[in-house]
Amino acid sequence: MFYKVIYTDNEFLIPKKFAGMTYLVLIFIKPEYKNDFGLLHHEMTHVKQFYKNPLHSFLYKFSKKYRLKSEVEAYKEQLNYYDVDRSQLFAQFISEKYNLDITVEQAQQLLKS
């Protein structure tokens, strides 16, 4: 699987509310998160989703159901890289950052399933 990681503070590529962003096979991460392997693997999950489904970018943008599934999968992967349980924090991110009309509690249940 090919992917390229680029560390940048460019707000056009990474909106303020995010630490990283993936476009097809390009992963952009803010420099202060360079050693956050959980974040890297979260973004790599999105690259894998693209390889599995070439319509990933389109579906992600236009289908809340698909976007929710994609983010839950990526955050579940990310959880594997920390010594402390971050599921509450990630549930809050899912609830608030992705326009998904889901509560923190609902997101937490999906992360546990």
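Above this text you will find the structure in question.
Fair warning: this is a prediction, and the values are worked out from it, not measured in the lab.

Novice: Can you help me understand the side chain of Arg67 in this one?
Specialist: The residue Arg67 is located in helix 3 (residues 64-79) in this model. Among buried Asp, Glu, Lys and Arg side chains, Arg67 stands out as unpaired, with Glu71 the closest opposite charge at 7.1 Å. In contact with Arg67, not counting residues within four places along its chain, are Tyr60, Lys61, Phe62, Tyr98, Asn99 and Leu100.

Novice: What should I look at first to understand the layout of surface pockets in this one?
Specialist: A probe matching the size of a water molecule, rolled over the atoms, marks out where space remains unfilled. Counted as a void, the largest pocket has a volume near 630 Å³. The wall of the largest pocket is formed by 32 residues, among which Phe18, Gly20, Met21, Glu43 and Tyr98 lie closest to the centre. Of all the secondary structure elements, the ones that give two or more residues to the lining of the largest pocket are strand 2 (20-23), helix 1 (37-52), helix 2 (56-62), helix 3 and helix 4 (87-97). Per-element accounting of the lining of the largest pocket gives the leading share, five residues, to helix 1. When its residues are assigned to classes, the lining of the largest pocket shows 15 nonpolar, seven polar and 10 charged.

Novice: Help me out: how do you make sense of the sheet that holds strand 3 (residues 26-29) in this one?
Specialist: Sheet strands line up and pair through hydrogen bonds in the backbone, either parallel or antiparallel. As summarised here, the arrangement of the three strands in space is 1-3-2, forming an open sheet in which the pairing is mixed. The sheet terminates laterally at strand 1 (4-7) and strand 2, the two strands that pair on one side only. The sheet shows a mean angle of 20° between the axes of neighbouring strands, direction not considered.

Novice: Is there a simple way to think about the nonpolar core in this case?
Specialist: Burial of nonpolar side chains together is a common tendency in soluble globular proteins. Leu68, Tyr75, Ile94, Leu100, Ile102 and Leu111 are the most contacted members of the largest nonpolar core, which totals 17 residues. When contributions to this core are tallied by element, the ones reaching two or more residues are helix 3, helix 4 and helix 5 (104-112). Sequence-distant contacts of Leu111, defined by excluding residues within four places in its chain, comprise Val72, Tyr75, Lys76, Ser87, Phe90, Ala91 and Ile94. One finds Ile27, Leu39, Leu40 and Phe50 within the second-largest nonpolar core, a separate group that totals nine residues.

Novice: Sorry, what's going on with the pattern of salt bridges here?
Specialist: Oppositely charged side chains can pair when the atoms bearing their charge come close. Following the criterion strictly, the structure yields two salt bridges and no others. Residues Glu73 and Lys52 are paired through a salt bridge, measuring 3.6 Å at the closest nitrogen-oxygen approach. Linking Glu73 in helix 3 with Lys52 in helix 1, this pair joins segments that are 21 residues apart in sequence. One salt bridge in this structure joins Lys64 and Asp101, with 2.6 Å as the shortest N-O distance. One end of the pair, Lys64, is in helix 3; the other, Asp101, is in the loop between helix 4 and helix 5, and 37 residues separate them in sequence. A relative accessible area of 33% means that Lys64 is categorised as partly exposed. By relative accessible area, which is 64% here, Asp101 ends up exposed.

What counts and how
- Residues numbered from 1 in each chain as written.
- Predicted model: local features only at pLDDT ≥ 70, side-chain atom pairs only at ≥ 80, totals over all residues.
- Heavy atoms only, no water.
- Helix = DSSP H or I, 4+ residues; strand = E, 2+ residues; numbered from the N terminus.
- Buried < 20%, exposed > 50% of the residue type's maximum accessible area, 1.4 Å probe, protein only.
- Lys, Arg positive; Asp, Glu negative; His and termini not counted.
- Salt bridge = Lys/Arg side-chain N within 4 Å of Asp/Glu carboxyl O.
- Contact = heavy atoms within 4.5 Å.
- 1 Å grid on protein atoms, 1.4 Å probe; cavity = no way out; pocket = protein on both sides within 12 Å on 5 of 7 lines; lining within 4 Å.
- Points joined across faces, edges and corners; volume = space filled by probe spheres on them.
- Nonpolar A, V, L, I, M, F, W, Y, C, P; charged D, E, K, R; others polar.
- Pairing = 2+ DSSP bridges.
- Axes fitted to C-alpha atoms, helices over the stretch in contact; angles between N-to-C directions.
- Core = buried A, V, L, I, M, F, W, Y, C linked by side-chain atoms within 4.5 Å.

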